[in-house]
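Observations on chain architecture
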Amino acid sequence: MAPAALIVAGAIVLFAVLPPAAQHVDVPTDWRDLSSRTLAGAYHVHSNRSDGSGDKAAIAAAAARAGLTFVIFTDHGDGTRSPDPPAYIDRVLCIDAVEISTSDGHYVALDMAPAPYPLGGTADAVVEDVARLRGFGIAAHPDSPKVALRWTSDSLPVDGIEWLNVDSEWRDESRLTLARAALAYFMRPSEALAQLLDRPVTIARWDRWSSSRPIVALAGADAHGGIGQRAEDSSAPGSRWRLRIPTYESSFRTFSNRVVLDHVLTGDAGIDARHLVDAIRAGHAFTVVDAIATPGLLDLRRAGTTVDARVLAPPEAQLVMFHGGHEVARASGSELRWESGGEPGPYRVEVHLPRDPGVPPVPWMVSNEVFTSPVAEPERHPRFQRPWTGALAPPLPWRVEKPPASAATMRSGPEGVVVEYRLGADRSRSPYVALATDIHDPRFTAIEAALTSRRPMRISIQVRAADGSRWGQSVYVDSSDRLYGIPLASMRSMDGRAAAPSAASLTSVLLVIDLTNAVPGSAGEFTVRSLNLTVP
Ligand SMILES: [Zn+2]
Ligand SMILES: [Zn+2]
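By convention here, each chain's residues receive numbers from 1 onward along its written sequence. Chain letters and ligand numbers both follow the written order, the letters beginning at A and the numbers at 1. Given that the model is predicted, a residue must reach a pLDDT of at least 70 before its local features are reported, and side-chain atom pairs must reach 80 or more before they are shown or counted; all residues, however, enter totals for whole chains, interfaces and linings. Only heavy atoms go into the side-chain values, all of them from the structure, while hydrogens and water stay out.

1. What about the overall build of the protein?
Put simply, the rule is: Every helix listed is a DSSP run of H or I at least four residues long, and every strand listed is a run of E at least two residues long, numbered separately from the N terminus. We take the radius of gyration over the C-alpha atoms and set the globule estimate at 2.2 Å times the residue count to the 0.38 power. Under the scheme applied here, a residue whose accessible area is under 20% of the maximum for its type counts as buried, over 50% as exposed, and between as partly exposed, the area being computed with a 1.4 Å probe on protein chains only. Throughout, a contact is declared for two residues whenever any of their heavy atoms are within 4.5 Å. Computed by Shrake-Rupley with a 1.4 Å probe, the accessible areas treat only the displayed protein chains as cover when residues are assessed. Only four residue types enter the charge count, namely Lys and Arg as positive and Asp and Glu as negative; His and the chain termini do not. Every charge is mapped onto a representative atom, which is NZ of Lys, CZ of Arg, CG of Asp or CD of Glu.
Looking only at helices and strands, the protein has 10 helices and 31 strands in total. In terms of C-alpha radius of gyration, the protein reaches 26 Å, essentially the compact-globule figure of 24 Å for 536 residues. The dimensions of the protein, computed from C-alpha atoms along their principal axes, are 85 × 65 × 45 Å. In the protein, buried positions account for 53% of the 536 residues. Contacts in the protein between residues at least 24 apart in sequence constitute 73% of all its contacts with a sequence separation of at least 6. Within the structure as shown, the protein displays about 23100 Å² of accessible surface, and the carbon and sulfur contribution to it stands at 56%. In the protein, which carries 53 positive and 61 negative side-chain charges, the distance between the mean positions of the two groups comes to 4 Å.

Printed below as a string of structure tokens:
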């Protein structure tokens, strides 16, 4: 083929794959006040502190170029690091959060005090710890195509959910779609990325979770500044990066979280971050897929039993009101009013545009939820804890089990059995310390233990069968007197085997300190005031 024909053919291919440019929406005067209080930002961003490719300054600069006002960093971690104080970098408010790996999916903790021990283990333990540390916890990419990253529980008292996550979205696309997006990326990066979005199944999960109280939904950019090393799989920094696309900037231009404040920003990072986080906690946020049309503004309010939605959107917009996951009303244009008739909620609004990409199409705009009557706080009973009556069962004969590199001493005193320990310092050898006792009772259905510790810690209460299989549950222990009742049926297999333990096969009870919730080389002390098997 002649060069000219090649160029023409190339142009035709490119034209065929090129998505339309993002539509610009003018902001009329009567929307200016709301516009000045509506902050666009990126949430769920990895820097090179964990597995992202860029440092904080480079990411803030990318956010500034994309027109964003804030970035919430969510580097992988265990919650023990003190978050960086909020700071303006390049006029972008940078807020530091953490993405914690649990055995049941990833959990982002925002606005949390540093944890006294590494957070980890089962999701219910981490959700409990994040709440105790007054953090705002968000279930990350709950429907990731990667099973190991998927959120497995539907019943935990989480505060928020990622209704959209790019890392989940692109993995389910066909090679053809990915190839088209890759080609289009070089012309219209964010529009090309938006072509990979569909309506996430997570929206249905969000609706299920929020039947009795609002769960705040955010859109997770899961930006790593590239897809070189496979993100979300490791927390090891410094791995090599092969491909630095999509860039942070193109991710940031694809969609944004819009947080609505009561007042405009002050310029003081600490004060502004407080207002921003409080607004997120209150669910005063919505998502806009900016690569379809931008900006979008939303005024969602309730007056008595009426829910009113007003949007700044392209004229062809369709507003859809949902109640408990079901569409209850739809209108063309910019306004939708719904008379709830006493049904408390949740109510939420989606705005659809004819060009929304995906099958089924991703909504251009997604609001958070409102209830038309007060909602109850989620029940956060500390797991497995009961009031302690002070009654002590006769002491069981305990022994220490540990590898040579860990140290532990045990002594009996008036308070019970006191264990002082120091874990081995070599992480690669998985140091642990366990207090063990032998049991032989085929009838027992639960373990009851009274435990205290000078410093906050997590102890894993485990049972072991003759073949070495173990099941367990971890409990939070500090200096207060608490009684823990662990039903055998609630114990989770330590090696991934699904079946619950049967009492007849069990030969030992163990109290274990290992790297799930402790640091190599760390020392501590705990007291077993009593422990006995509960027989119905
Ligand atoms: Zn992530
Ligand atoms: Zn993750």
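2. Quick word on the pattern of salt bridges
Short version of the rule: Between Lys or Arg on one side and Asp or Glu on the other, a salt bridge is scored when a side-chain nitrogen of the former is within 4 Å of a carboxyl oxygen of the latter.
The tally for this structure, following the rule as stated, stands at 37 salt bridges. With a shortest N-O distance of 2.7 Å, D129 and R458 are connected by a salt bridge. A residue pair is termed long-range when its members are at least 10 positions apart, and D129 in helix α4 (residues 123-132) and R458 in strand β26 (residues 457-465) qualify at 329 residues. On the basis of relative accessible area, D129 is assigned to the buried category, the value being 0%. Among the ionic pairs, R399 bridges to E401, the shortest N-O distance being 3.1 Å.

3. Concerning the sheet that holds strand β24 (residues 433-438)
The test is simple: The rule for pairing is simple: two strands pair if DSSP sees at least two bridges between them.
In spatial order, the strands read β21-β24-β30-β26-β27-β29; together these 6 strands make up an open sheet with antiparallel pairing. Each of the sheet's edge strands pairs with one partner strand only, and the pair in question is β21 (399-401) and β29 (492-493).

4. Looking at the packing of aromatic side chains
Our working rule: Between rings of Phe, Tyr and Trp, where Trp is taken as its six-membered ring, a pair exists when centres lie within 6.5 Å; planes separated by under 30 degrees are stacked, by over 60 edge-to-face, and by other angles tilted. Counted as over-ring charges are cases with an Arg CZ or a Lys NZ within 6 Å of the ring centre that also lie within 35 degrees of the ring normal.
Scanning all chains against the criterion turns up 5 aromatic pairs. Here Y117 and Y476 contribute two aromatic rings whose centre-to-centre distance is 6.5 Å and whose plane-to-plane angle is 35 degrees, an arrangement assigned as tilted. A residue pair is termed long-range when its members are at least 10 positions apart, and Y117 in the loop between β6 (105-110) and α4 and Y476 in strand β27 (residues 470-477) qualify at 359 residues. With respect to burial, Y117 and Y476 carry one shared label: buried. A ring pair is formed by Y421 and F526, whose centres lie 6.3 Å apart and whose planes are at 55 degrees; its orientation type is tilted. Here F526 lies in strand β31 (residues 523-534) and Y421 lies in strand β23 (residues 416-422), a separation of 105 residues in the sequence. With a relative accessible area of 8%, Y421 lands in the buried category. On the basis of relative accessible area, F526 is assigned to the buried category, the value being 1%. Sitting over the face of the ring of F73, K56 holds its NZ or CZ atom 5.4 Å from the ring centroid.

5. Focus: the sheet that holds strand β14 (residues 306-312)
Quick reminder of the rule: For every element, the axis is a line fit to its C-alpha atoms; helices are fit only across the contacting stretch, and the angle between N-to-C directions ranges from 0 to 180 degrees.
Spatial ordering of the open sheet is given by β13-β14-β17, a layout of 3 strands whose pairing is antiparallel. Edge positions in the sheet fall to β13 (297-303) and β17 (335-339), since each of these pairs with one other strand and no more. Within the sheet, the average angular offset between the axes of one strand and its neighbour, ignoring direction, is 10 degrees. Where β13 lies against β14, 7 bridges are found, and the strand directions are antiparallel. Bridged to R301 within β14 is D308.

6. Quick word on the nonpolar core
Rules: For our purposes a nonpolar core is just a set of buried Ala, Val, Leu, Ile, Met, Phe, Trp, Tyr and Cys residues, chained together by side-chain atoms within 4.5 Å.
W151, W163, V351 and W364 are the most contacted members of the largest nonpolar core, which totals 63 residues. Ignoring sequence-local partners within four residues, the contact set of W151 consists of D104, G105, H106, Y107, A123, V127, A139, P142, L156, V158, R205 and W209. One finds Y421, V477, V528 and L531 within the second-largest nonpolar core, a separate group that totals 35 residues.

7. Things to note about empty space enclosed by the protein
Stated precisely, the cut-off is as follows: A pocket here means an open set of points on a 1 Å grid, computed over the protein atoms alone, that has protein on both sides within 12 Å along at least five of seven lines. A cavity is instead a set of points where a 1.4 Å probe fits but cannot get out; residues with an atom within 4 Å of a point line either one. Grid points are joined across faces, edges and corners, and a volume is the space filled by probe spheres set on the points. Only Asp, Glu, Lys and Arg are considered charged in this grouping, and only Ala, Val, Leu, Ile, Met, Phe, Trp, Tyr, Cys and Pro are considered nonpolar; every other residue, Gly among them, is considered polar.
In total, this model carries 3 cavities of 30 Å³ or more according to the counting rule given. Approximately 50 Å³ is the volume found for the largest cavity. V166, L193, L197, S251, T254 and F255 together form the lining of the largest cavity. Among the residues making up the lining of the largest cavity, the classes are represented as 4 nonpolar, 2 polar and no charged.

8. Regarding the side chain of N517
Tracing the sequence through the fold places N517 in the loop between β30 (506-513) and β31. The class for N517 is buried, based on a relative accessible area of 8%. Here N517 is in contact with Y117, P118, L119, G120, R458 and S474, once residues within four sequence places are set aside.

9. Regarding the side chain of R258
To keep things clear, this is the line we draw: Whenever a nitrogen or oxygen atom comes within 3.5 Å of another N or O atom, the pair is scored as a polar contact, on the condition that within protein one atom can donate a hydrogen and the other can accept it, and that pairs from neighbouring residues in sequence are kept only if both atoms are in side chains.
Within the fold, R258 resides in strand β10 (residues 256-260). Within polar-contact distance, the side chain of R258 engages the side chain of D290 at 2.6 Å. Not counting chain neighbours up to four residues away, the residues in contact with R258 comprise T38, L39, A40, H284, A285, F286, V288, D290, T294, P295 and G296.

10. Some remarks on helix α8 (residues 202-209)
Counted residue by residue, α8 has 6 buried out of 8 residues, so it is predominantly covered. In this structure, the buried residues of α8 make contact with β7 (136-139), β8 (160-165), β9 (216-223), β18 (347-352) and β19 (365-366).

11. A look at unusual backbone geometry
Following T294, the chain continues to P295 via a peptide bond in cis, the omega torsion being -10 degrees. As for its position among the elements, P295 is in the loop between β12 (293-294) and β13. The step from G345 to P346 runs through a cis peptide bond, and the omega angle for that step is 5 degrees. Within the secondary structure, P346 sits in the loop between β17 and β18. Despite not being glycine, D111 shows a phi value in the positive range, around 65 degrees. Structurally, D111 can be placed in the loop between β6 and α4. One non-glycine residue, H141, adopts positive backbone phi at about 20 degrees.

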